[in-house]
Amino acid sequence: MSNGVNGFLGDSPLRVIIKLLILSVAVGFLMSIFGLYPDDILFAARDFVLNLWNTGFKTLGRLGDYLLLGAVIVVPIFILIRLFSYKR
């Protein structure tokens, strides 16, 4: 049983816990120096997803406009090319 746990964790559970504690303190110290807090990170991630969601749907809405604008030029040119190449 302990070999499975050691294999999963990569070391003994006590050593892994000590390493995680030291790393957590170091990362927490650096985050406090830069003024980053967990709730700020969560709110930033949420705002990023919401902005991406809203912008994405606005872009999809404009996609129809772009399609119509392009089709006004592309479809007649396509028809003219097909008509002129049909006679050959």
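What counts and what doesn't
- Residues numbered from 1 in each chain as written.
- Predicted model: local features only at pLDDT ≥ 70, side-chain atom pairs only at ≥ 80, totals over all residues.
- Heavy atoms only, no water.
- Helix = DSSP H or I, 4+ residues; strand = E, 2+ residues; numbered from the N terminus.
- Rg over C-alpha atoms; globule rule 2.2 N^0.38 Å.
- Buried < 20%, exposed > 50% of the residue type's maximum accessible area, 1.4 Å probe, protein only.
- Areas by Shrake-Rupley, 256 points an atom, 1.4 Å probe, with all protein chains shown as cover.
- Lys, Arg positive; Asp, Glu negative; His and termini not counted.
- Charge placed at Lys NZ, Arg CZ, Asp CG, Glu CD.
- Salt bridge = Lys/Arg side-chain N within 4 Å of Asp/Glu carboxyl O.
- Expected span 1.5 Å × (residues − 1).
- Bend = angle between axes of the 7 residues up to and from the residue.
- Patch = residues over 30% accessible without salt bridge, like charges linked within 9 Å, V, L, I, M, F, W, Y side chains within 5 Å.
- Polar contact = N/O pair within 3.5 Å; in protein donor to acceptor, adjacent residues only side chain to side chain.
- Contact = heavy atoms within 4.5 Å.

Enquirer: I'd like to hear about the overall build of the protein, residue by residue, with values.
Expert: A count of helices and strands for the protein gives 3 helices and 0 strands. Listed by position from the N terminus, the elements making up the protein come as α-α-α. The globule rule puts the C-alpha radius of gyration for 88 residues at 12 Å, and the 29 Å found for the protein is more than 25% above it. Oriented by its inertia axes, the alpha-carbon framework of the protein measures out at about 85 × 35 × 20 Å. Expressed as a percentage of the 88 residues in the protein, the buried residues total 2%. Of the roughly 8,200 Å² of accessible surface on the protein, a fraction of 76% belongs to carbon and sulfur atoms. Across the protein, 8 positive and 5 negative side-chain charges occur, with their mean positions spaced 23 Å apart.

Enquirer: Go over the pattern of salt bridges, please, and point to the residues and values.
Expert: Within this structure, the stated rule accounts for 3 salt bridges. A salt bridge links Asp11 to Lys19; the shortest N-O distance between them is 3.2 Å. For Arg46, the salt bridge is made with Asp47, and the minimal N-O distance between the two is 3.2 Å. A cluster of three or more residues bridged by salt bridges with shared partners is formed by Asp11, Arg15 and Lys19.

Enquirer: So what about helix H3 (residues 38–86)? Which residues, and what values?
Expert: Here H3 contains 49 residues, and its C-alpha end-to-end distance of 67 Å stays within 8% of the 72 Å for a straight helix at 1.5 Å per residue. Along H3, the largest kink reaches about 40° and is centred on Ala71.

Enquirer: Which residues make up a nonpolar patch on the surface, and what values do they have?
Expert: Together, Phe29, Leu30, Ile33, Phe34, Leu36 and Ile41 line one region of the surface with nonpolar side chains, adding up to about 630 Å² of accessible area. As for its placement among the helices and strands, Phe29 is situated in helix H2 (residues 13–33).

Enquirer: If you had to explain the side chain of Asp11 to someone new, which residues and values would you point to?
Expert: Summarising the element assignment, Asp11 is placed in the loop between helix H1 (2–9) and H2. Of note is the side chain of Asp11, whose polar atom sits 2.8 Å from the side chain of Arg15. If sequence neighbours within four positions are ignored, Asp11 has contacts with Val5, Asn6, Val16 and Lys19.

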